[in-house]
Amino acid sequence: MVTGTSLSSVFPLGSRLNERGRLEVGGCDMIELAREYGTPAYVVAEDDLRTRARAFVQAGRDAGHGDFHVVFASKAFPCTAVLELFAQEGLWCDVASGGELYLALNAGFPAERIVLHGNAKSEAELRMALRLRVGLIAVDNFDEIERLARLTGADAGELQESGGPAKAQPVLIRVTPDVKGETHEKISTGQADSKFGFAMADAREAIARVQQVEGLSLQGLHAHIGSQLLELEPFRRAATQLAELGEFPVLDLGGGLGVQYTSEQPAPPSTEEYVSAIVQATAAHRTHPGRLMIEPGRALSANACVTLYTVESVKSNVSCWVAVDGGMSDNLRPMLYGAPYEAHVADRFDGTTSCVLAGKHCESGDVIVAEALLEDPRPGDVIVTPATGAYGYSMASNYNGVPRAPVIFCRDGDARVVVRRESFEDLNARDVV
Ligand code: LLP
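All values reported here derive from a predicted model rather than from experimental measurement. (Residues numbered from 1 in each chain as written. Predicted model: local features only at pLDDT ≥ 70, side-chain atom pairs only at ≥ 80, totals over all residues. Heavy atoms only, no water.)

(A) Structural view of the site of the ligand. Around the ligand, the surrounding shell holds 20 residues, and the nearest of these are S227, E295, R298, R333 and Y391. Residue E295 places a side-chain N or O atom 2.7 Å away from a nitrogen atom belonging to the ligand. One nitrogen or oxygen atom from the main chain of R298 is found 2.8 Å from an oxygen atom belonging to the ligand. For the ligand, the accessible surface in isolation is 590 Å², of which the surrounding protein chains cover 91%. Residue classes in the shell around the ligand are distributed as 6 nonpolar, 8 polar and 6 charged. (Near = heavy atom within 4 Å. Polar contact = N/O pair within 3.5 Å; in protein donor to acceptor, adjacent residues only side chain to side chain. Areas by Shrake-Rupley, 256 points an atom, 1.4 Å probe, with all protein chains shown as cover. Nonpolar A, V, L, I, M, F, W, Y, C, P; charged D, E, K, R; others polar.)

Dropping the structure here:
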């Protein structure tokens, strides 16, 4: 797992064990960071995010596609500093609610580089997107087509008064292509019986209806078959299915490329393999390359981040139980999906003691790592879990009145807090009494 000072690829790029045997991320010593900013904390290696963003963009070029766009699925890490960084790198942004749209704009994404998703978009969210004239709206269902027809038709006067679209709003039709990848049932979306998108059987009708709406400009098709996928074949099958519906200027194949959560897991396909598979699979069915988009979330941010905790207690109740100061309120994934993680004492990496790394919340299921190998864990030790940069921050809660953790960016040995830790006052800040 650990050789000399180099670390496995579950850790952020550039991480290492320094001369004192302590984990360094973005050039910062994790023990010192924990001391200065407290725990739990999400620690992000800024350069890692940039490197991954650039690798995706470059992979499109290397695969020979001239109109290829990488759309960050903001739900993976909807923190302004992360969004700002990806906006600077020229990515697009996938938003799935008015709140995510607000965050993306606020972080500097121009509206034309935003894709609005959602299977239950409200009228207010659609109005907001139309007023801003976002790059694309991925239309999910017939009710939404009707609503959009009304909003861009009879109600368009009002929209234009508020600076809305004089021209037609570009849209995609979201299709559920009846393709199932190998992943957790809760994050599988491409099967026929799904809450997302039009069934293949309805897609032609949806296309025809959108084409009749004057205020909409049909650009193409979208499919997102699921998340944490470790094989490329389902993506190829999705491309084939979409091709059944005809050729359009834009194809958006969604996100879904899986990542490595523990050093023992096999490596997922590389960015280059994934992008080139998608470029080839779509090109095979098109006479003109058109525009190709993908929407990675996890693959851009998961491995750029580690979470720091402090051990509060160690006990022996049949198993060795190591309890830390966070848990399901900062990382719900183990509980929700049985997702595996690994853990280390931040300054004693070669762990051999088998323990349960438990969270502090009042639920037996609040376990971060069921079988952690830790080196002589003691109260006060700083524990690190890598690969926490996707869906940890976004699914965080205040369960048990635990203030949500800060996000700290590290780069070249400098740390800066980009999201502060919540305070107790934040916990009742919304009370109306
Ligand atoms: N595009 C669309 C339309 C999506 O719904 C999603 C994720 C993505 C892109 C990005 O997928 P990714 O590349 O990150 O796999 N909370 C779950 C993941 C839910 C994903 C929902 N949609 C988890 O923690 O695993």
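(B) View of the packing of helix 9 (residues 233-243) against helix 10 (residues 271-283). Where helix 9 meets helix 10, the closest approach of the two axes is 9 Å, and the angle between their N-to-C directions is 25°. What the angle tells us is that helix 9 and helix 10 run roughly parallel. The handedness of the crossing between helix 9 and helix 10 comes out as right-handed. Judged by residue contacts, F235, R236 and A239 of helix 9 engage Y274, A277, I278, A281 and T282 from helix 10. In terms of residue class, the contact of helix 9 with helix 10 is made up of 6 nonpolar, 1 polar and 1 charged. (Axes fitted to C-alpha atoms, helices over the stretch in contact; angles between N-to-C directions. Helix = DSSP H or I, 4+ residues; strand = E, 2+ residues; numbered from the N terminus. Parallel < 35°, antiparallel > 145°, perpendicular 65-115°, else oblique. Left-handed = near helix turned anticlockwise from the far one by under 90°. Contact = heavy atoms within 4.5 Å.)

(C) Inspection of helix 2 (residues 46-62) at higher detail. With 17 residues, helix 2 extends 24 Å from end C-alpha to end C-alpha; this agrees with the ideal 24 Å at 1.5 Å per step. Buried within helix 2 we find E46, D48, L49, R50, R52, A53, F56, A59 and G60. Positive backbone phi, approximately 85°, marks G64, located one or two places after helix 2. (Expected span 1.5 Å × (residues − 1). Buried < 20%, exposed > 50% of the residue type's maximum accessible area, 1.4 Å probe, protein only.)

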